[in-house]
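The primary structure of each chain is shown beneath.
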Number of protein chains: 2
Amino acid sequence: MSLTVVRTTLADCEQICRKALTKVGLPATAAGIVAENITSAERDGCASHGMFRLPGYCESLRNGKINAEAVPVSSFPAPGCVVVDAGGGLSLPARNVGLPLLVERARSQGVATLVISRAFHFAALWPDVEALAAKHGLVAFAFLNSKAFVAHAPGGVKPLYGTNPFAFSCPRLSSDGGLSEEPLVFDQASAAMARGDMQLAARSGTPLPPGAALDANGEPTVDAAAGLQGAQLPFGGHKGSSIALMVELLAASLGGDAFAFEALASDSGDGGPTKHGELILAIDPGRCGGQGREAFLARVETLMTHIEAEALEAGASGRSLRLPSQRRFQNRKRTPVEGIEISEDLYQRCLNLAGDDP
Amino acid sequence: MSLTVVRTTLADCEQICRKALTKVGLPATAAGIVAENITSAERDGCASHGMFRLPGYCESLRNGKINAEAVPVSSFPAPGCVVVDAGGGLSLPARNVGLPLLVERARSQGVATLVISRAFHFAALWPDVEALAAKHGLVAFAFLNSKAFVAHAPGGVKPLYGTNPFAFSCPRLSSDGGLSEEPLVFDQASAAMARGDMQLAARSGTPLPPGAALDANGEPTVDAAAGLQGAQLPFGGHKGSSIALMVELLAASLGGDAFAFEALASDSGDGGPTKHGELILAIDPGRCGGQGREAFLARVETLMTHIEAEALEAGASGRSLRLPSQRRFQNRKRTPVEGIEISEDLYQRCLNLAGDDP
């Protein structure tokens, strides 16, 4: 792994992604959606879901595992339920078809679900819920599984669950009385550690924190290479394991999609995503409890300002207390001005995929 | 604390609770609902939500903090949303008014919410979701806050969040092709440790596991008495802290109810519950993804039998791998036959509350 980095702009990142994805047959609109998603991860300082993902996307599109030409098809099996069948294509274009329908149903019904089925998801999860809060004032959840990397805890020794992130967002009030562009958002894996971080630790020989992995014999290990051969562990012991199981059920079984252990068994090993389901759930918080949006947002601010006051106090005592997503919002202000850093190896690889000379 | 125990029957437990609750003015129907709930906790081996709760209920009903005469009032602010205003009474009777309405809406809309507002909840949370899966075939969540016991992590040193349990249930197929009476259910606090267990540890001088509490100076402690004066910690570090925050928002802000820090500030210290909100959310899993109930249940069994096979394998290797709620289901078969054990002190106290001679 090269430690040399290239400094570039968000616009350059987006253009490279767009070109590379178009080159392997993804139609322009879908390529734009994926390029925008990768770029927003780089913008927010989340390198593991940024350009790092481009080679996997391109390979799976090139070899036909992902259907580049898939057209998402939506249906309404119930008044509060939207299904988008991605048809073996990418999840993000299917999500973009489904989200406006979800918003409309959440508004009219008070609560609604969006099941995205037969889709390849390889992106960070927070973009799937952030705009629901920031633009539409909805409380939202997203649940996604992956192929199996994580053992059941306690007692499991084999990969059973995906890293199984779940994301949550809640709208906040802006100073002008509208919706804040910085809602409360978190997006966290049920695994103790991100798969990508474990891969990076293995390459650099950095030890893992205790409790993150088991080796192939089922023994606890801090050796990242051994952990990659064995199984990751969920965060927080049996409680994290229950959450991993819940995410597995919500993401996969509602739409008849693959569980992580099935996705692992059928994985082609091409470095790209595997085919999954996803559940996004949205609540109209003003209607749900009957108190109206303003009263709801005022209540949320009561809690948030209480926490922010404690964060200030903590800062004055040399402690760091942060609300989830604060680091992302800070990066988001910085990177459009300062640009982003990409490892030279990866940048060169992405340039090659885009067909550009360095 | 006496270590002497009394062995008694579930019927005796239920009768004592019913008498004691009626004696402090709770109408017969509500007393029956609460007595049944306490008894089901004893039946399932969950002593911390069993007769242990009776003195607190009785005191708060006696001193008028809980309105014994409250009549729950339901409304439908949106097609998918039910609200039950408990009117400052107990949560369980309000829940019993709301659940049939929630079931009806989840069936007709595909997904529905039930907000229970202005309610005193002092019970285990799994009964609020278990029957939704076992009797009605719904996937369900429940979110409940409490008064503040738990610090934000990392960086927090003061009680901010409640112990904030969330419960989840998913229906399973029985061997006769119907719904299993033993669905997948979990009910877990966002705190690393139950408050009741910390109180018991303080009384017996047992050290806490590391990572469960901070002392009043904000330093990590394994001294339970010091932890009770300081703050509990969430399970799983910052991820558990995010979940505690999510539960706080879902349980309290949708219905305009008290956050944990507000409930702490206004608590009378009578040993009973504080006034809160609760959110229960139910999905009709056959309709939500459009595949029908049978196909959904078959998918769930595919995952469950895979996990159960791994559990057998684990058992053969001397490891214990269990699905959530298995211990509860085992206790449930045992206690109706063998009876239950209650500490003599507590049993005597409950008998006195019921006005029975020992």
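- Where an unreviewed UniProt entry is consulted, chain A appears under the name Malate dehydrogenase, with the organism given as Noctiluca scintillans.

### Side note on the overall build of chain A
Argument step 1. Across its full length, chain A carries 13 helices and 12 strands.
Argument step 2. Scaling as 2.2 N^0.38, a compact globule of 358 residues should have a C-alpha radius of gyration of about 21 Å, and chain A matches this with 20 Å.
Argument step 3. Taken across its 358 residues, chain A has 59% of its residues classed as buried.
Argument step 4. As presented, chain A carries roughly 13200 Å² of accessible surface, and 53% of it is formed by carbon and sulfur atoms.
Argument step 5. Here chain A holds 31 positive side-chain charges and 37 negative ones, and the gap between their average locations is 2 Å.

### Description of the sheet that holds strand E10 (residues 231–232) of chain A
All names here are of chain A.
Argument step 1. Strand order in the open sheet formed by three strands is E9-E8-E10, and the pairing between neighbours is antiparallel. What marks the edges here is a single partner per strand, and that holds for strand E9 (220–221) and E10.
Argument step 2. Bridge analysis of strand E8 (residues 213–214) against E9 gives two bridges, and the strand direction is antiparallel. Across the sheet, residue Leu-214 finds its bridge partner in E9, namely Pro-220.

### Description of the interface of chain A and chain B
Much of the literature gives interface size as the accessible area that the parts lose upon coming together.
Argument step 1. Contacts between the two partners involve 80 residues from chain A, matched on the other side by 80 residues from chain B.
Argument step 2. Around 6200 Å² of area is buried between chain A and chain B when both sides are counted, 70% of it from carbon and sulfur atoms.
Argument step 3. Our count for the contact surface shared by chain A and chain B stands at four salt bridges.
Argument step 4. For Glu-313 of chain B, the salt bridge goes to Lys-158 of chain A, with nearest N and O atoms at 3.2 Å.

### Regarding the packing of helix H1 (residues 10–23) of chain A against helix H13 (residues 344–354) of chain A
All names here are of chain A.
Argument step 1. At their nearest, the axes of H1 and H13 sit 7 Å apart, and the two run at 50 degrees to each other. Judged by the angle between their axes, H1 and H13 are oblique. Judged by the sense of rotation from one axis to the other, the crossing of H1 with H13 is left-handed. Where H1 abuts H13, its residues Asp-12, Ile-16, Lys-19, Ala-20 and Lys-23 lie against Tyr-347, Cys-350, Leu-351, Asn-352, Leu-353 and Ala-354.
Argument step 2. Split by residue class, the contact of H1 with H13 holds seven nonpolar, one polar and three charged.

### Details of the side chain of Ser-253 of chain B
Argument step 1. Position of Ser-253 of chain B among the secondary structure elements: in helix H8 (residues 237–253).
Argument step 2. Among the residues examined, Ser-253 of chain B registers a relative accessible area of 1% and is labelled buried.
Argument step 3. Here Leu-249 of chain B takes part through its backbone oxygen, which lies 2.5 Å from a polar atom of the side chain of Ser-253 of chain B.
Argument step 4. Contacts of Ser-253 of chain B, omitting those with residues within four sequence positions, involve Gln-291, Phe-296, Arg-299 and Val-300 of chain A together with Glu-248 and Phe-259 of chain B.

### Observations regarding the sheet that holds strand E5 (residues 139–144) of chain B
By definition, the strands of a sheet pair up through backbone hydrogen bonds, in either a parallel or an antiparallel sense.
Argument step 1. Spatial strand order, E2-E3-E4-E11-E5-E6-E7 (chain B): seven strands in an open sheet with mixed pairing. Both edges of this open sheet fall to strand E2 (73–78) and strand E7 (184–188) of chain B, since each of them pairs with a single strand only. Taken pair by pair, the neighbouring strands of this sheet meet at an average axis angle of 15 degrees, ignoring direction.
Argument step 2. The strands that helix H8 (residues 237–253) of chain A touches are E5, strand E6 (166–170) and E7 of chain B; relative to E7 of chain B, the one it contacts most, it runs at about 135 degrees.

### A few points about the state of the cysteines
Argument step 1. Tallied over the full model, the rule gives zero disulfides over all chains.
Argument step 2. No disulfide involves Cys-17 of chain A; its nearest neighbouring cysteine sulfur is the one of Cys-13 of chain A, lying 4.3 Å away.
Argument step 3. No disulfide involves Cys-170 of chain B; its sulfur sits 12 Å from that of Cys-288 of chain B, the nearest cysteine.
Argument step 4. Its relative accessible area of 1% is what places Cys-170 of chain B among the buried residues.

### With respect to the pairing of E5 of chain B
All names here are of chain B.
Argument step 1. Summarising burial for E5: six of the six residues are buried, a large majority.
Argument step 2. Side chains of E5 alternate between two faces, with Val-139, Phe-141 and Phe-143 and Ala-140, Ala-142 and Leu-144 buried alike.
Argument step 3. Here E5 runs beside strand E11 (residues 275–283); their pairing, made up of six bridges, is antiparallel. Bridge assignment links Ala-142 to a residue of E11, and that residue is Ile-280.

### Examining the nonpolar core
Most often, soluble globular proteins keep nonpolar side chains buried together rather than apart.
Argument step 1. Membership of the largest hydrophobic core comes to 89 residues, with the highest contact counts inside it found for Phe-168 and Ile-283 of chain A together with Phe-168 and Ile-283 of chain B.
Argument step 2. When near neighbours in sequence (up to four residues on either side) are disregarded, Phe-168 of chain B contacts Met-246, Leu-249 and Leu-250 of chain A together with Val-129, Val-139, Ala-140, Phe-141, Leu-184, Val-185 and Phe-186 of chain B.

### Brief notes about the relation of the copies chain A and chain B
Argument step 1. Of the transformation superimposing chain A on chain B, the axial component is 0.0 Å and the angular component is 180 degrees, with the fit at an RMSD of 0.0 Å. Interpreted geometrically, this transformation is the action of a two-fold axis. Distance from the rotation axis, computed per C-alpha, reaches its smallest value in chain A at Gly-236 of chain A: 1.9 Å.
Argument step 2. When the interface residues of chain A are mapped onto chain B, 100% of them again lie at the interface, so the same face is used by both copies.

### A word on helix H11 (residues 293–316) of chain B
Argument step 1. A rise of 1.5 Å per residue sets the reference length of H11 of chain B, with its 24 residues, at 34 Å; its end C-alpha atoms lie 34 Å apart and thus fit the reference within 8%.
Argument step 2. Regarding H11 of chain B, the residues found buried are Phe-296, Leu-297, Arg-299, Val-300, Glu-301, Leu-303, Met-304, Ile-307, Glu-310 and Ala-314 of chain B.
Argument step 3. Against H8 and helix H9 (260–265) of chain A together with E5, E6, E7 and helix H10 (285–288) of chain B lie the buried residues of H11 of chain B.
Argument step 4. A positive phi of about 80 degrees marks Gly-318 of chain B, the residue just after H11 of chain B.

### So, the packing of aromatic side chains
Argument step 1. Under the criterion given, the structure shown has 17 aromatic pairs over all chains.
Argument step 2. Where Phe-143 of chain A meets Phe-141 of chain B, the ring centres are 6.4 Å apart and the plane angle is 25 degrees; that geometry is what we call stacked. With one member in each of two chains, Phe-143 of chain A in strand E5 (residues 139–144) and Phe-141 of chain B in strand E5 form a pair that bridges those chains.
Argument step 3. Residue classification places Phe-143 of chain A among the buried positions, given a relative accessible area of 2%.
Argument step 4. Aromatic pair Phe-166 of chain B and Phe-186 of chain B: ring centres 5.7 Å apart, planes at 75 degrees, arrangement edge-to-face. In this pair, Phe-166 of chain B is assigned in strand E6 and Phe-186 of chain B in strand E7, connecting sequence segments 20 residues apart.
Argument step 5. Note on Phe-166 of chain B: relative accessible area 2%, which makes it buried.
Argument step 6. Overall, the relative accessible area of 3% leaves Phe-186 of chain B in the buried class.
Argument step 7. Each member of the aromatic cluster is reached from another via a ring pair, and the members are Phe-141, Phe-143, Phe-166, Phe-168 and Phe-186 of chain A together with Phe-141, Phe-143, Phe-166, Phe-168 and Phe-186 of chain B.
Argument step 8. Against the face of Phe-122 of chain A rests Arg-53 of chain A, its NZ or CZ located 4.5 Å from the ring centre.
Argument step 9. One residue, Arg-328 of chain A, lies across the ring of Trp-126 of chain A, its end atom 4.1 Å from the ring centre.

How each quantity is defined
Residues numbered from 1 in each chain as written. Chains lettered and ligands numbered in written order. Predicted model: local features only at pLDDT ≥ 70, side-chain atom pairs only at ≥ 80, totals over all residues. Heavy atoms only, no water. Helix = DSSP H or I, 4+ residues; strand = E, 2+ residues; numbered from the N terminus. Rg over C-alpha atoms; globule rule 2.2 N^0.38 Å. Buried < 20%, exposed > 50% of the residue type's maximum accessible area, 1.4 Å probe, protein only. Areas by Shrake-Rupley, 256 points an atom, 1.4 Å probe, with all protein chains shown as cover. Lys, Arg positive; Asp, Glu negative; His and termini not counted. Charge placed at Lys NZ, Arg CZ, Asp CG, Glu CD. Pairing = 2+ DSSP bridges. Contact = heavy atoms within 4.5 Å. Buried area = accessible area lost by both parts, 1.4 Å probe. Salt bridge = Lys/Arg side-chain N within 4 Å of Asp/Glu carboxyl O. Axes fitted to C-alpha atoms, helices over the stretch in contact; angles between N-to-C directions. Parallel < 35°, antiparallel > 145°, perpendicular 65-115°, else oblique. Left-handed = near helix turned anticlockwise from the far one by under 90°. Nonpolar A, V, L, I, M, F, W, Y, C, P; charged D, E, K, R; others polar. Polar contact = N/O pair within 3.5 Å; in protein donor to acceptor, adjacent residues only side chain to side chain. Disulfide = S-S within 2.5 Å. Core = buried A, V, L, I, M, F, W, Y, C linked by side-chain atoms within 4.5 Å. Least-squares fit on C-alpha atoms with pLDDT ≥ 70 in both. Expected span 1.5 Å × (residues − 1). Phe/Tyr/Trp six-rings, centres within 6.5 Å; stacked < 30°, edge-to-face > 60°. Lys NZ or Arg CZ within 6 Å of the ring centre and 35° of its normal.

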